[in-house]
Amino acid sequence: MRTVLITGGTGKLGRTVAARLDNGQSEVRVLSRRPAPGRVVGDLRRGTGLDAAVAGVDVVVHCATTYGRGDVAAARHLVDAIGRTGGRPHVVNVSIVGVDRIPLPYYRAKFAAEQTISTSGLPWTILRATQFHDLLATMFARPRWLPFTLAPAGFRFQPIDIRDVADRLAALATAEPLGRTVDLGGPQVRDVRELARVHHAITGRRRPVLSPRLPGAIARGYREGHHLAPENPGGTITFEQFLLDRTDSAS
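Residues numbered from 1 in each chain as written. Predicted model: local features only at pLDDT ≥ 70, side-chain atom pairs only at ≥ 80, totals over all residues. Heavy atoms only, no water.

Asks: What exactly am I supposed to notice about the packing of aromatic side chains here?
Replies: Working definition: an aromatic ring pair is given by the centre-to-centre distance plus the angle between the planes. By the definition in use, this model includes 7 aromatic pairs. Centroid distance phenylalanine 140 to phenylalanine 239: 6.3 Å. Interplanar angle 75°. Geometry classified as edge-to-face. Residue phenylalanine 140 is found in helix H5 (residues 133-141), and its partner phenylalanine 239 is found in helix H9 (residues 239-250); the two are separated by 99 residues along the sequence. By the ring-pair criterion, three or more aromatic residues cluster together here, those being Tyr106, Tyr107, Phe155, Phe157 and Tyr222. (Phe/Tyr/Trp six-rings, centres within 6.5 Å; stacked < 30°, edge-to-face > 60°. Helix = DSSP H or I, 4+ residues; strand = E, 2+ residues; numbered from the N terminus.)

This is the structure in structure tokens:
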């Protein structure tokens, strides 16, 4: 039986990947800073407890993120722990489309983490996905104190559902290493203003959508679509369906 370690396994994506792999064909370990049934304790940010967590694993699905330079340290701590134990698991890393082309600090950190894994000497697969539906929904719902929703002019998004990304990661975890695999995009590329209005219509929010033209290299990267994967619309769940599903589950 294959042993799979999932980092970030207590987050929404990690939990969904764990559920996909918990099918009787894999032993799933979930890395967490806090002990609980079905978890192994370790801290990627500090590098503690990782040797025991990675010992004997066949696959690592690296879903953990710290939203900053901590992503690079986490990848390094993970790779170093694997090196100390002498294993050679297949490391499957999830990243973001455009991390090498849009100079957002968070993207730069994700790209550096990719390079840490790809140059580690371990078997590896890197999957870049477009923005999650959850991210756009959060962006449109906040900040609550503003009397309007900001939807920058010229921005388009190709949002994807976490469930679709989890399906692909689970499939990659049971396959041979592919290196940098094809990017994964949501089913539709849409103007951000349209997505904001869809969000407000389904969630019942009532505020105008404003679309200023933002300056700078980061905004230009988004206007040029470097975060999109229109040639690979592998996702199946639309933004509308995501919002409706979430509304149904909350009722």
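So, next bit.
Asks: So what exactly am I meant to see when it comes to the pairing of strand E6 (residues 124-129) here?
Replies: On any regular strand, side chains alternate: one points to one face of the sheet, the next to the other face. Buried residues dominate E6, accounting for 5 of its 6 residues. When strand E5 (residues 90-96) meets E6, the two strands line up parallel, connected through 6 bridges. Paired with valine 92 across the two strands is threonine 125, which belongs to E6. As for the winding sense of the linkage, the β-α-β connection from E5 through helix H4 (residues 105-118) to E6 is right-handed. Sheet topology places E6 next to strand E9 (residues 179-180); 2 bridges connect them, and they run parallel. By the bridge assignment for E9, threonine 125 is matched with glycine 179. (Buried < 20%, exposed > 50% of the residue type's maximum accessible area, 1.4 Å probe, protein only. Pairing = 2+ DSSP bridges. Right-handed = clockwise from strand over helix to strand, strands pointing away.)

Read these as layout, nothing more, since geometry by itself doesn't imply function.
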